[in-house]
Amino acid sequence: MRKIVFIILTLLAFAKGTAQIVKPVKWTSKVEQVSATEFNLVMNGKIDEGWHVYSQFTPQDGANGSPLPAEFKFENAKGNYELVGKTKESNYKKEYNEVFEVNEYFFEKQVTFTQKVKIINPKLTSIKAKIDFQVCKQVCLNDNQDFTFKIPATAVIVATPVTDTAKTATTDTIKKAVAKETKAVVTAPQKEEKKGLWMIFFLAFLGGLAALLTPCVFPMIPMTVSFFTKQSKNPGQGKRNAILYGISIIAIYVVLGLVITAVFGADALNALSTNAWFNVFFFLLLVVFAASFLGAFEIMLPNSWANKVDRQADRGGIIGILFMALALAIVSFSCTGPIVGTLLVESASKGGIAPVVGMLGFSSALALPFMLFAMFPSWLHSLPKSGGWLNTVKVSLGFLELALAFKFLSNADLVLQLHLLEREVFLAIWIAVFGAWALYLLGKITTPHDSPITHISVGRLSLGLLVLAFTVYMIPGLFGAPLKLISAFPPPQTYSESPMGFFGNTTAASNENLPEGAKIGEHGIITFNDYAKGFAYAKKVNKPIMLDFTGHACVNCRKMEINVWSDERVLSLLKNDVVLISLYVDDKRDLPKNEQFISKSTGSKIVTVGDKWTDFIITRYKTNTQPFYVLTDLSEQKLNAPISYTPNIDEYLAWLKAGIGNFKK
């Protein structure tokens, strides 16, 4: 039903629409004086209803691409002025994008960016700046805006609409400006997506349950509960003390989450999690955690800490119970530390209060058994006895930690575009890790702390078979299978040595039949990314041209490629009956100096490949939206009316057939 409603709304919005230049964001700017030499450069954007602009902090490590964050360029700073800190921005919203498999940060209705500068050159009268941004509705467009900030000699705040020439402030304006208190725009706490927070809580809760089943924690349950029941004057007091003990455990871990958030800051945590080098750091950290769980060494806090806390726990009362909870956290750190560290790394990628929510979920699961067994002591008899199975749980967590570590290394490789950990390599590593885990569960591999086993329990055998089945499931991924169950983890299909798998026809096509300047694109379609080369090839083979104005950060472009182009009828036409030219309007590669120019249509500087194709679509087709599809003949004349985002396969197919049918060979 959701898909039907989405399609209907899309058709109503875009059916029968004519191409036009869309400017959904109207910009104004002003200068705010902070001190004699410091000013705030303020850029205000009014966003049309239904559109949204992406934040500069939106992550760039999506599995299938990522949204395009706002970027700021300030000209001629050297010797004239200094940027003070990073550009601040107003409240953004946060929402998970299923196509890119990453959280998006975006603004609706309005946005304010503020950059503080310190003037070095007293003769400086203006500062020029530019913002590159992506704005999306059902379609996306990449746009930019130039600003000229007039720097007054006195404490004057000059408000200038971007589209108008700046005017000299009147005396009255100056007086009002000087009298008015200037305030920097402070980034407010970001709104958290409730669904995302609930997911963090749930996953953290599962992590807490896993921690309970480790050798450091599980034996503590009957010991601690027995202490409360025996030391208390009556059963009621024992239950109250156990509940206080559980609340103390929760409080300790929640405080840890609060400290992490307060020290680093919500935005800083997110920025770190999407930074290539910190992803490498997280990878190394999780490898250390995994090695600890697998038995290479124990991660221990100093014994002196535990001794001091134990002495405080003997004081009794609420203070004593609190220190007992702290003692549990310290003593069990060798088992809980890696889990807590992993949860903090994962929740940090969500930003905001996610670390606090994560610690709340983890500690709730950890504390719950202590409270429940104290309230119902007879349940203790149903607990399984401690034994070698606890180490099995710990080692299993080590394998999971090791597998997760490579996701962070993959993120770094994608950001840096090093192609060192492409899809096949990533899957090969995961197959090895999960295969080793399966062999361990089936008793074929042992670790240093394992007890000798004479038989395998039904539970361990079942888990071993499940892990083995998952390992076998991943193997076809090496040969091009999409692996939808784990699509969020490995790199996308296009980020691989062979996009169609080891035994696909990519290599053959590239060595024998691939035209000059072409590559194998989505679903094995021969694709050109340069208009001139694609046009020359179309003339050679006498086929119509399909221009695909797209972007690496275009969500609906990926939806069209995955859901519409994959249809056998559409795919057959794209492979055999047209020459596909995909022009990426967000390609940030610089053009050679001799190819850079000033656009006659917009007056903007065309300095990147993306700028070139953006100017091309505006100049020739009077629009700047993506996706945008145009069928042309070899005289560059349109074969039918261009279309934009069209998720209905039959409608898109009919458009393709109509245009191809109008081509005269």
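Criteria and thresholds
Residues numbered from 1 in each chain as written. Predicted model: local features only at pLDDT ≥ 70, side-chain atom pairs only at ≥ 80, totals over all residues. Heavy atoms only, no water. Helix = DSSP H or I, 4+ residues; strand = E, 2+ residues; numbered from the N terminus. Buried < 20%, exposed > 50% of the residue type's maximum accessible area, 1.4 Å probe, protein only. Contact = heavy atoms within 4.5 Å. Pairing = 2+ DSSP bridges. Axes fitted to C-alpha atoms, helices over the stretch in contact; angles between N-to-C directions. Disulfide = S-S within 2.5 Å. Polar contact = N/O pair within 3.5 Å; in protein donor to acceptor, adjacent residues only side chain to side chain. Phe/Tyr/Trp six-rings, centres within 6.5 Å; stacked < 30°, edge-to-face > 60°. Expected span 1.5 Å × (residues − 1). Arc of directions from axis to C-beta. Parallel < 35°, antiparallel > 145°, perpendicular 65-115°, else oblique. Left-handed = near helix turned anticlockwise from the far one by under 90°. Nonpolar A, V, L, I, M, F, W, Y, C, P; charged D, E, K, R; others polar. Salt bridge = Lys/Arg side-chain N within 4 Å of Asp/Glu carboxyl O. Core = buried A, V, L, I, M, F, W, Y, C linked by side-chain atoms within 4.5 Å.

**Student:** Quick question: what am I supposed to make of the overall build of the chain here?
**Tutor:** The helix and strand inventory of the chain stands at 20 helices and 18 strands. In the chain, which comprises 665 residues, the share counted as buried stands at 48%. Counting only contacts in the chain whose residues sit at least 6 apart along the sequence, the fraction spanning at least 24 positions is 71%.

**Student:** Would you mind going over the sheet that holds strand 13 (residues 526-528) with me for this structure?
**Tutor:** Pairing between the strands of a sheet comes from backbone hydrogen bonds, and it takes one of two forms, parallel or antiparallel. Pairing is mixed in the open sheet, where five strands are placed in the order 12-13-15-14-18. Strands at the two margins of the open sheet, each flanked by one partner only, are strand 12 (518-520) and strand 18 (628-632). Adjacent strand axes in the sheet meet at a mean angle of 30 degrees, parallel and antiparallel pairs treated alike. In this sheet, strand 15 (residues 579-584) lies alongside strand 14 (residues 545-550) in parallel orientation, the contact comprising six bridges. Counted as the bridge partner of Phe 549 is Leu 583 from strand 15. Against the sheet, helix 16 (residues 531-541) engages strand 13, strand 14 and strand 15, with an angle of about 175 degrees to strand 15.

**Student:** Would you explain the environment of Thr 447 in this entry?
**Tutor:** With respect to the element layout, Thr 447 can be found in the loop between helix 13 (423-441) and helix 14 (458-474). Take Thr 447: its relative accessible area is 15%, and that puts it in the buried class. Dropping the residues within four chain positions of it, Thr 447 is found in contact with Leu 294, Asn 391, Val 395 and Tyr 440.

**Student:** Help me understand the state of the cysteines in this model?
**Tutor:** Under the criterion given, the structure shown has one disulfide. Between the sulfur of Cys 136 and that of Cys 140 lies a disulfide, 2.1 Å long from S to S. Every disulfide takes its handedness from the sign of the S-S torsion; for Cys 136 and Cys 140 that torsion is 115 degrees, giving right-handed. Of the residues examined, Cys 136 reaches a relative accessible area of 2% and is grouped as buried.

**Student:** Looking at this structure, I do not really get the side chain of Thr 614. What am I missing?
**Tutor:** With respect to the helices and strands, the residue Thr 614 is situated in helix 19 (residues 609-621). Under the relative-accessibility criterion, Thr 614 is labelled buried at 13%. From its side chain, Thr 614 meets the backbone oxygen of Val 585 in a polar contact 3.5 Å long. Excluding residues within four positions of it along the chain, Thr 614 makes contact with Asn 142 and Val 585.

**Student:** Honestly, the environment of Phe 201 in this entry has me stumped. Any pointers?
**Tutor:** You can see Phe 201 is positioned in helix 3 (residues 194-212). Once the C-alpha coordinates of Phe 201 and Val 356 are considered, the two residues, 155 residues apart in sequence, prove to be 9.3 Å apart. Beyond its immediate sequence surroundings of up to four residues, Phe 201 is in contact with Val 357, Leu 360, Gly 361 and Ser 364.

**Student:** Can you help me understand the packing of aromatic side chains in this one?
**Tutor:** As enumerated under the stated definition, the model contains 30 aromatic pairs in all. Ring centres 4.9 Å apart and planes at 70 degrees place the aromatic pair Phe 434 and Phe 470 in the edge-to-face group. One end of the pair, Phe 434, is in helix 13; the other, Phe 470, is in helix 14, and 36 residues separate them in sequence. Take Phe 434: its relative accessible area is 8%, and that puts it in the buried class. Ring centres of Tyr 531 and Phe 616 lie 5.0 Å apart, and the angle between their planes is 45 degrees; on these two criteria the pair is classed as tilted. Pair noted here: Tyr 531 is in helix 16 and Phe 616 is in helix 19, with a separation of 85 residues, a long-range link. Assigned by exposure class, Tyr 531 and Phe 616 land together as buried. Ring pairing ties together the aromatic residues Trp 27, Phe 72, Tyr 92, Tyr 105, Phe 107, Phe 113, Phe 133, Phe 147 and Phe 149, which thus form one cluster.

**Student:** I tried to follow helix 20 (residues 649-661) on my own but got confused; where do I start?
**Tutor:** The α-helix advances 3.6 residues per turn, and as a result positions three or four apart in sequence lie on the same side. Taking 1.5 Å per residue, 13 residues should reach 18 Å; helix 20 reaches 18 Å between its end C-alpha atoms and fits that length. What helix 20 keeps buried is the set Tyr 652, Leu 653, Trp 655, Leu 656, Gly 659 and Ile 660. Looking down the long axis of helix 20, one finds its buried residues gathered within 160 degrees of arc, a one-sided arrangement. Set apart from the buried face of helix 20 by more than 90 degrees, the exposed residues are Lys 657 and Gly 661.

**Student:** Before we go on, may I ask you to explain the packing of helix 18 (residues 568-576) against helix 20 in this structure?
**Tutor:** Across the interface, helix 18 lies against helix 20 with an axial gap of 10 Å and an inter-helix angle of 30 degrees. One way to sum up the angle between helix 18 and helix 20 is to call them roughly parallel. Our pair here, helix 18 against helix 20, has a crossing hand that is left-handed. Between helix 18 and helix 20, the contacting residues are Arg 569, Val 570, Leu 573 and Leu 574 on the first element and Ile 649, Asp 650, Tyr 652, Leu 653, Leu 656, Lys 657 and Ile 660 on the second. Here the contact of helix 18 with helix 20 is built from residues that sort into eight nonpolar, no polar and three charged.

**Student:** I tried to follow the pattern of salt bridges on my own but got confused; where do I start?
**Tutor:** Side-chain pairs of opposite charge can arise where the charged atoms are in close proximity. Overall, the coordinates contain ten salt bridges when judged by the stated rule. Of the charged contacts in the structure, one is a salt bridge between Lys 93 and Glu 108, with a shortest N-O distance of 2.7 Å. Taken together, the residues span a long stretch of sequence, with Lys 93 in strand 6 (residues 93-97) and Glu 108 in strand 7 (residues 102-108) at a distance of 15 residues. Take Lys 93: its relative accessible area is 37%, and that puts it in the partly exposed class. Close ionic contact of Arg 569 with Asp 650 constitutes a salt bridge, the shortest N to O distance being 3.2 Å.

**Student:** Help me out: how do you make sense of the nonpolar core in this one?
**Tutor:** When a protein is soluble and globular, its nonpolar side chains tend to lie buried together. Among the nonpolar cores identified, the biggest contains 77 residues, and Met 546, Leu 547, Trp 565 and Tyr 652 are the most heavily contacted of them. Take this core: its biggest share by element is six residues, from helix 19. Not counting chain neighbours up to four residues away, the residues in contact with Leu 547 comprise Tyr 531, Ile 581, Leu 583, Phe 616, Tyr 621, Phe 628, Tyr 629 and Val 630. Core analysis: the second largest hydrophobic core is formed by 30 residues, Tyr 245, Ile 252, Phe 293 and Ala 325 among them.

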